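# A structural walkthrough
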Amino acid sequence: MADHGIPLAPAPGHGKGKGKGKSKGIIPLGTAPPLPPAIAKGKGKGKGPVPPATGPPPPRTAAPPPPKAQPQLQREAPPEHLVAPAGAVRLQLHARKVQSPGTIWEGLDPWGSDVDGQFPSWRVNFDRLRELWSPMDEVPAHVTLQHTAANEDQVMDQRMKQNVEIVVRSLKLQPNKIHEALRGDFDALTPQQIRGLAGQIVPAVRVTSGLLQALVQRRGVASLPSPEAVLWAVASTPLGEARAQTLALRVQLPEDKAMLQERVEPAVKIVQRLRQSLPLKMLMQAVLVVRSVLSQHKCTAFPIRELGSIIKHERYRRMATAGAGAGRFTDWYQENIPSTLRLVAEIVADSHANYNQLRFITMAALSKACRLESARRCIWSYLGSPIAGGSVLDACKLLQDCDSRIFDPELANWVQSRQLYRDRAINGHVRPLQAYMDAQPLQVEAQLREHLDVVSKSINDTQEAFRTGWNDLMQAALDVCDLIGEPRPTGHNRNGKILDIAAAALQHLRTLGTMVREEVELVWFMQRRRRLQALPQQIRTDAALGRSGFCARAWQPVDTRLEILATTGDPDLVREMRSHLRLPEERSAAQAKAAPETKDKAKADAAPPPPKAKGAPQKYVDLIHSGIEGVYARDPITGKWGRRADGVDGQVRDITRRGGASA
């Protein structure tokens, strides 16, 4: 039985027992409070006399446990060689008693006398400790004390002071603005300043409040530097830390609420899209058909986990010859030994082409039937219902939006941490501040009372938003589990398991959509290449049969001669357009008039050039302009250039002699 400092007294008349030992005698009155009678036990094997029965024994009642005394430091005398002389100063230990068993202190000797065997390399100089018991010598004159006035005024270490100065200067914190904000004027500080005040300034105030108060009493508030003045603005306000934290709570709660909504809305929307998507149904139908037909087994569903990878490597045919893997990228291999993914992609490509054709035919028929745009739109809203769900290829776009981060498992930890933050703020700051304000008169700090009402309402709204948002998120995750056919998890950490399954499901769906899209692109590429390879033969066949190739209909050529005549600056083109635009009568008359000149010109061209006399002077020939000035002759009717004096025809282009118009 533990000794609580109160001696136990036996019942009167039971001083000695009959055994070998001796029992304790009766303790005089006044030495201890009265306790229930107890039978004294001797030290030996004997027993004391049984007390006479005076009546029925009283009913036993459980005695209340004695109060626990505060543990105190053990006062054990040190060894003789470590005893301090009389009058020596003792080191004051301000520490609570710690039980050493099971801790790192277990087995250690506080006097350091029996540790040589346990720590062979451990040594202590006891003489150095004993020297401190002797009086200190006088300080020499050349020694200066490091404890200066500057050190007395320092309330923070260098690192903390640097951090506080950075926050004060970057956020431009001012003591008067902080006073106004802590008194209830919420608009005195910006949200960034409030975050810095609650995150950096308040922890520093918690550490330096006592030193700040001593410094203010010694030097005054006006002498405080800017960082210390900002700290004193919080420390001098009643419940300044609680006020600053409620300001931060008023800023943080709407942000937490908006952040949760940003995480919940995509989850709810993606579940609705997956549940209502007709293209996704068609894609899954293609997978079911291919695998069911090739396996000759009726399949109603497949697990989504690794479905894309499975159908990519799954093949109905196998090559029995060696080196089959070397030719798997050839067209023949892909055509004759396709994978399940290739077959699904071909179905998707054909369905997409059929969708586009059906949509085009419907729109063409509607455009011919009605010319009013508003009526077309109204009719299209009804006629387009069979194809309004979209192409099967739209399922790939939907699956690309399935991001596993929507159901991030860390979201549960974030929600829990924000809930813990609110609980601590309510219990540690809001309620003490409300109790303080309730003790004050109603007319004192009316703005702060309004601020507390706003914070309380915001806390309730945020709590409700978090509860509703978390329920919606978990319901969306459960819906994803139901959509992919996974059983709902139970047991420990159920919410975390649900989020893990939902995140993995979205990741597998995203992978499936990516694989199908890439395979469809490959199918389209191979189809285009086949058409290009067959195009020359088709062109030759169409030319042999007299067909016009791929033209849907033959169009009459558009007459653009007037536009060319109005815009061109080429004289040859101008003459050609004018000749084409003349009336047939004018054109025939001009041709009849120019016929004799044409014949004479032909004869002259056919006649050999006259022989040049020896010694005759050579005519000047300009290599740039092909002749001297005044050698050109132009027909006034046809506009053609005639024969020149130097024998060069202006109708023929000659680069070396810069002939006239091109033939």
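Scroll up to find the structure this text is about.
I will try to describe carefully the structure that is included in this document.

### What about the overall build of the protein?
Scanning the protein for helices and strands turns up 19 helices and zero strands. A buried classification covers 27% of the 663 residues belonging to the protein. In the structure as shown, the protein presents an accessible area of about 47,000 Å², 57% of it carried by carbon and sulfur atoms.

### A short note on the packing of helix α15 (residues 446-484) against helix α16 (residues 494-545)
One can describe the packing of α15 onto α16 by two numbers: an axis separation of 9 Å at closest approach and a directional angle of 55°. With respect to each other, α15 and α16 are oriented oblique. Here α15 and α16 pass one another in a crossing that is left-handed. In contact with Trp470, Met474, Ala477, Leu478, Val480, Cys481 and Ile484 of α15, α16 contributes Arg494, Asn495, Ile498, Leu499, Ile501, Ala502 and Ala505. Here the contact of α15 with α16 is built from residues that sort into 12 nonpolar, one polar and one charged.

### Comments concerning the side chain of Arg449
Tracing the backbone through its elements, the reader meets Arg449 in helix α15. With no salt bridge to any partner, buried Arg449 finds its closest opposite charge in Asp438, at an N-O distance of 4.6 Å. If sequence neighbours within four positions are ignored, Arg449 has contacts with Met437, Asp438, Gln440, Pro441, Leu442 and Val444.

### Quick look at the packing of helix α5 (residues 191-219) against helix α7 (residues 240-276)
Orientation of α5 relative to α7, taken along the N-to-C sense of each, is 145°, at an axis distance of 9 Å. The handedness of the crossing between α5 and α7 comes out as left-handed. Only Glu241, Ala244, Gln245, Leu247, Ala248, Val251, Gln252 and Glu255 of α7 make contact with α5, whose side of the interface consists of Pro191, Ile194, Arg195, Leu197, Ala198, Val202 and Arg206. Counted by class, the contact of α5 with α7 contains nine nonpolar, two polar and four charged residues.

### Concerning the environment of Gln434
Structurally, the position occupied by Gln434 is in helix α14 (residues 410-439). Among the residues examined, Gln434 registers a relative accessible area of 27% and is labelled partly exposed. Taking the C-alpha atoms as reference points, Gln434 and Leu448, 14 residues apart in sequence, are found 9.8 Å from one another. Non-local contacts of Gln434, meaning those with residues more than four positions away in its chain, are made with Leu452 and Ser456.

### Looking at the pattern of salt bridges
Summed over the entire model, instances satisfying the criterion amount to 16 salt bridges. Across the salt bridge formed by Arg195 and Glu255, the nearest N and O atoms sit 1.9 Å from each other. Residue Arg195 is located in helix α5, and its partner Glu255 is located in helix α7; the two are separated by 60 residues in the primary sequence. On the accessibility criterion, Arg195 (33% relative accessible area) is partly exposed. The partner of Arg377 in a salt bridge is Glu373, with the nearest N and O atoms 3.7 Å apart. You can see Arg377 and its partner Glu373 sitting in helix α12 (residues 373-383), four residues apart, about one turn around the helix. Classification of Arg377 as exposed rests on a relative accessible area of 58%.

### Here we look at the environment of Glu576
Along the chain, Glu576 turns up in helix α18 (residues 571-581). The exposure class of Glu576 is partly exposed, given its relative accessible area of 39%. For Glu576 and Arg561, which are 15 residues apart along the polypeptide, the C-alpha to C-alpha distance reads 9.6 Å.

### Here we look at a nonpolar patch on the surface
Together, Val289, Val293, Leu294 and Tyr316 make up a nonpolar patch on the protein surface, roughly 360 Å² of accessible area in all. Here Tyr316 is to be found in the loop between α9 (307-313) and α10 (331-336).

### Remarks on the nonpolar core
One finds Leu274, Leu283, Val348, Phe407, Val516 and Val520 to be the most contacted residues of the largest nonpolar core, which totals 55 residues. Every element with two or more residues in this core is listed here: α7, α8 (278-295), α9, α11 (340-369), α13 (394-400), α14, α15 and α16. A total of 14 residues in this core trace back to one element, the largest contributor, which is α16. If near-sequence neighbours (up to four positions away) are discounted, Leu274 is found in contact with Leu280, Leu398, Leu399, Cys402, Leu483, Leu506 and Leu509.

### A closer look at the packing of aromatic side chains
Applying the stated criterion across every chain, the model contains one aromatic pair. Above the face of the Phe302 ring, Arg291 is positioned so that its terminal group lies 4.4 Å from the ring centre. When the ring centre of Phe466 is taken as reference, the NZ or CZ atom of Arg422 above it lies at 4.2 Å.

Criteria and thresholds
Residues numbered from 1 in each chain as written. Predicted model: local features only at pLDDT ≥ 70, side-chain atom pairs only at ≥ 80, totals over all residues. Heavy atoms only, no water. Helix = DSSP H or I, 4+ residues; strand = E, 2+ residues; numbered from the N terminus. Buried < 20%, exposed > 50% of the residue type's maximum accessible area, 1.4 Å probe, protein only. Areas by Shrake-Rupley, 256 points an atom, 1.4 Å probe, with all protein chains shown as cover. Axes fitted to C-alpha atoms, helices over the stretch in contact; angles between N-to-C directions. Parallel < 35°, antiparallel > 145°, perpendicular 65-115°, else oblique. Left-handed = near helix turned anticlockwise from the far one by under 90°. Contact = heavy atoms within 4.5 Å. Nonpolar A, V, L, I, M, F, W, Y, C, P; charged D, E, K, R; others polar. Lys, Arg positive; Asp, Glu negative; His and termini not counted. Salt bridge = Lys/Arg side-chain N within 4 Å of Asp/Glu carboxyl O. Patch = residues over 30% accessible without salt bridge, like charges linked within 9 Å, V, L, I, M, F, W, Y side chains within 5 Å. Core = buried A, V, L, I, M, F, W, Y, C linked by side-chain atoms within 4.5 Å. Phe/Tyr/Trp six-rings, centres within 6.5 Å; stacked < 30°, edge-to-face > 60°. Lys NZ or Arg CZ within 6 Å of the ring centre and 35° of its normal.

Nothing here speaks to function; it is all geometry.
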